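Observations on the model geometry
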2 protein chains.
Amino acid sequence: MQERHRPTIIDVARAADVGPSTVSRHVRGSKSVSPKVAERIERAIAALGYQPNAVARSLRIGRTQTLGLLFPHVNNVFYGHAMRTIQDEARLSGFTVMLLTHQEDARQQQEQLASLKRAQVDGVILLPAAGTNAAQVRILMGNTPVVAFDRTLDKAIDSVVLDNYRAGWEATEHLLSHGHSHIVAVNPAYKLQPLQSLQDRVHGYTEAMKSAGKSPRTILWQDADQLREDLRTALHRPGPASAILSLSYSVTLAILSALQEIPFDLHNVGLIGIDDMEFSSFIHPPLTTLAQPAEELARRAVQQLLRRTANTSDEPKGGFMEKAVHVKLPGTLILRASCGCRMAAASGQPQPIPSSQVGRSGAHREPPRNSPRR
Amino acid sequence: MQERHRPTIIDVARAADVGPSTVSRHVRGSKSVSPKVAERIERAIAALGYQPNAVARSLRIGRTQTLGLLFPHVNNVFYGHAMRTIQDEARLSGFTVMLLTHQEDARQQQEQLASLKRAQVDGVILLPAAGTNAAQVRILMGNTPVVAFDRTLDKAIDSVVLDNYRAGWEATEHLLSHGHSHIVAVNPAYKLQPLQSLQDRVHGYTEAMKSAGKSPRTILWQDADQLREDLRTALHRPGPASAILSLSYSVTLAILSALQEIPFDLHNVGLIGIDDMEFSSFIHPPLTTLAQPAEELARRAVQQLLRRTANTSDEPKGGFMEKAVHVKLPGTLILRASCGCRMAAASGQPQPIPSSQVGRSGAHREPPRNSPRR
DNA sequence: CTGTTAGCGCGTTCAC
DNA sequence: GTGAACGCGCTAACAG
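Residues numbered from 1 in each chain as written. Chains lettered and ligands numbered in written order. Predicted model: local features only at pLDDT ≥ 70, side-chain atom pairs only at ≥ 80, totals over all residues. Heavy atoms only, no water.

This next bit is on the side chain of D275 of chain B. Residues and elements named next belong to chain B. Relative to the helices and strands, D275 is located in the loop between strand 9 (270-274) and strand 10 (288-291). Of the side chains bearing the opposite charge, R201 lies closest to the buried D275, which forms no salt bridge; the N-O distance is 5.3 Å. Polar contacts involving the side chain of D275 include one to the side chain of Q292, which spans 3.5 Å. (Helix = DSSP H or I, 4+ residues; strand = E, 2+ residues; numbered from the N terminus. Buried < 20%, exposed > 50% of the residue type's maximum accessible area, 1.4 Å probe, protein only. Lys, Arg positive; Asp, Glu negative; His and termini not counted. Salt bridge = Lys/Arg side-chain N within 4 Å of Asp/Glu carboxyl O. Polar contact = N/O pair within 3.5 Å; in protein donor to acceptor, adjacent residues only side chain to side chain.)

Attention shifts here to the sheet that holds strand 3 (residues 123-126) of chain B. Hydrogen bonds along the backbone pair up the strands of a sheet, which may run parallel or antiparallel. Residue and element names in this part refer to chain B. With respect to topology, 6 strands assemble into an open sheet ordered 2-1-3-4-5-11, the strand pairing being parallel. One side of each edge strand has no neighbouring strand; the edge strands of this open sheet are strand 2 (96-101) and strand 11 (326-329). The sheet shows a mean angle of 15° between the axes of neighbouring strands, taken without regard to direction. Sheet topology note: the strand 1 (residues 66-71)/strand 3 ladder contains 4 bridges and is parallel. What sits directly across from L67, in strand 3, is G123. (Pairing = 2+ DSSP bridges. Axes fitted to C-alpha atoms, helices over the stretch in contact; angles between N-to-C directions.)

At the interface, 54 residues of chain A touch 54 residues of chain B. Both faces considered, chain A and chain B share a buried interface measuring about 4,700 Å² in area, 53% of it formed by carbon and sulfur atoms. Per-residue buried area on chain A facing chain B is highest for Q51, V55 and F282 of chain A; these three make up 14% of the total on that side. Here R91 of chain A makes a salt bridge to E111 of chain B, at a shortest N to O gap of 3.3 Å. Where chain A packs against chain B, one counts 14 residue pairs in polar contact (both at pLDDT 80 or more). Mapped by element, the contributors of at least two residues to the side of chain A that touches chain B are helix 4 (54-61), helix 5 (77-92), strand 2 (96-101), helix 6 (106-118) and helix 11 (249-261) of chain A. Its residues placed into classes, the side of chain A that touches chain B shows 23 nonpolar, 22 polar and 9 charged. (Contact = heavy atoms within 4.5 Å. Buried area = accessible area lost by both parts, 1.4 Å probe. Nonpolar A, V, L, I, M, F, W, Y, C, P; charged D, E, K, R; others polar.)

In the neighbourhood of DNA strand C, 25 residues make up the surrounding shell, with G19, T22, S34 and R60 of chain A together with I9 of chain B lying closest. Put simply, 59% of the atoms of DNA strand C that lie within 4 Å of the protein are in sugar or phosphate. One of the side-chain N or O atoms of R25 of chain A is found 3.3 Å from a base nitrogen in DNA strand C. Secondary-structure elements contributing two or more residues to the surface near DNA strand C are helix 2 (20-27) and helix 4 of chain A together with helix 2 (20-27) and helix 4 (54-61) of chain B. Among the residues making up the surface near DNA strand C, the classes are represented as 10 nonpolar, 9 polar and 6 charged. (Near = heavy atom within 4 Å.)

Below is the structure:
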């Protein structure tokens, strides 16, 4: 014999012998309810097992207290870590998070965005697929706030990203400081428009090389076979590359695979990957990486989004919405052995150092104050 | 000058000069709307950029067309893969998915479940935290269908899991077939009640060892230091262990760390991990694993859940709800080098074989037909 | 401090 | 085939 019908606020009101609005006030924590009444309500709630219907509440107040999260996928420590922090941070402000993935596909991304829009989320944190049309996103989302995460989208849309130029610069600097002079960078070859973030990393690399008087060389990764061959020649030709800079997570994976097939022992070449991996320390030698400040990025993104949602519910009269804000945070070099820091490996523990300090150490030059072109 | 107010069905009705209910019928694909009227409505929708309000609709029809997904976290290939498939599968039936994480914490899990309940999801796929009280879950969720994924919860709650007993058995068998006779299994030491799935794997291991006339030995992993020392003694004592069976993803990670610190070269010991890892092939030697059939598990879970939601909206009179169904699927041994299959390693490509075939190959004995105790 | 009333946007009878 | 009216569960005015 189970109850046919979820108890509503009215059932509770009846049971506690009060008006529905009093129950409503109480459950939302208003202090203007007398202790004795509060007590009765409390008991009624417990007795009936009442739980407020968030759907009805949302319809009434016009907000869902839900944030949409649209990521490419989740098989990446950084994504997972960011997602978790976003969830925690959102919960602190009473928001829940709805996570969707678009698999790096712009079409799927639009679909998912539409479904977030229909679900009336109060805002979305978007890690945009390559080739995303920012204008389309804006049109589709109307006045639902969007903040771009990890990859910028448009100068009109808030963003929170790694300082990619600096990341490229600093990783390169570190390799140079180990005496490597032939450093080759590996970048994905995107069919459509390339990712700005990756471009920036390349640019950081290029500038660091140039200002050290070395000539930059980039390998584009299109498929496994081609990458393997390109790496083979780069590593075996006269005046061979002595170090590799991997510009992204997926590229690092590809490089590792390729090296294994050549086969070429990682011990004979320097390697730094931008973006840390869960298993960086299990590679031989353990991989030095430039890790993104996941928590901090996540927190900033949520904060920015919540700021917008607060304004959105306002009338957009007078001041309207402020200009877009673009947050750019430095990464952290995690020194393991693959860059040439053998001592770090021997000591057992990797030595994370904020990359913002790297630039100040004697061995490194400061990168230019501002990343070029916005 | 932007529109103050999202267009509603009434705005569309006015613009098309019809009644709201006609618009409603049309948008939901009813055929009983004359072509000319349909045309007018279509135009009005496009002109206003109307999008149905899912919140209002949900309130009205009492369903949200949303499935809740509650996972421990997402930093695990299997989880990520499963999550993605669940999303795809759900979308095929017009459902969207809301993903939350509980960080292996029963308390957080309850909170998240409550929030799913409040959000009125039509069903939830739960990968339960260790120490979950099944009764509590049932009470909290009321008649919202729940299916346990990857870990069983209770015989009254639907579940879709790997055949863990068989997995333990087959992984052990494979090690035995390489001539290893001192095989040690490593299992996490849970503070609270242990996970049934892990118990089953241990049991499979134990039985396989016994029926081969060997004596099973299990190491419990409590913390890094203790594990390292236990492994050290197991590997160095007279009559040393020649192979290790890791019973879960996180344990494999711990073992890898420990081995690195001992230090002990993986080439001198056989190792199989239950649950595949993204980077299994980058370990030296590449790691043989027993992978879970993520897509199939995911699909089955969604199907089972949707079957329940269909019945739930029914009146629970007559037949009421059928008995819980428990799906158990075999895993797949992915042969790389760490188990002793050197040839597989040399050929470059790992050789996945359905574990259901393993038992039939000459070198292996059949596991008992049914897993013991339910 | 508390109860009454009127919608939020939509789907669904039920008449026409 | 089509429109009018009611209500899903809750909150935000208002009265009192």
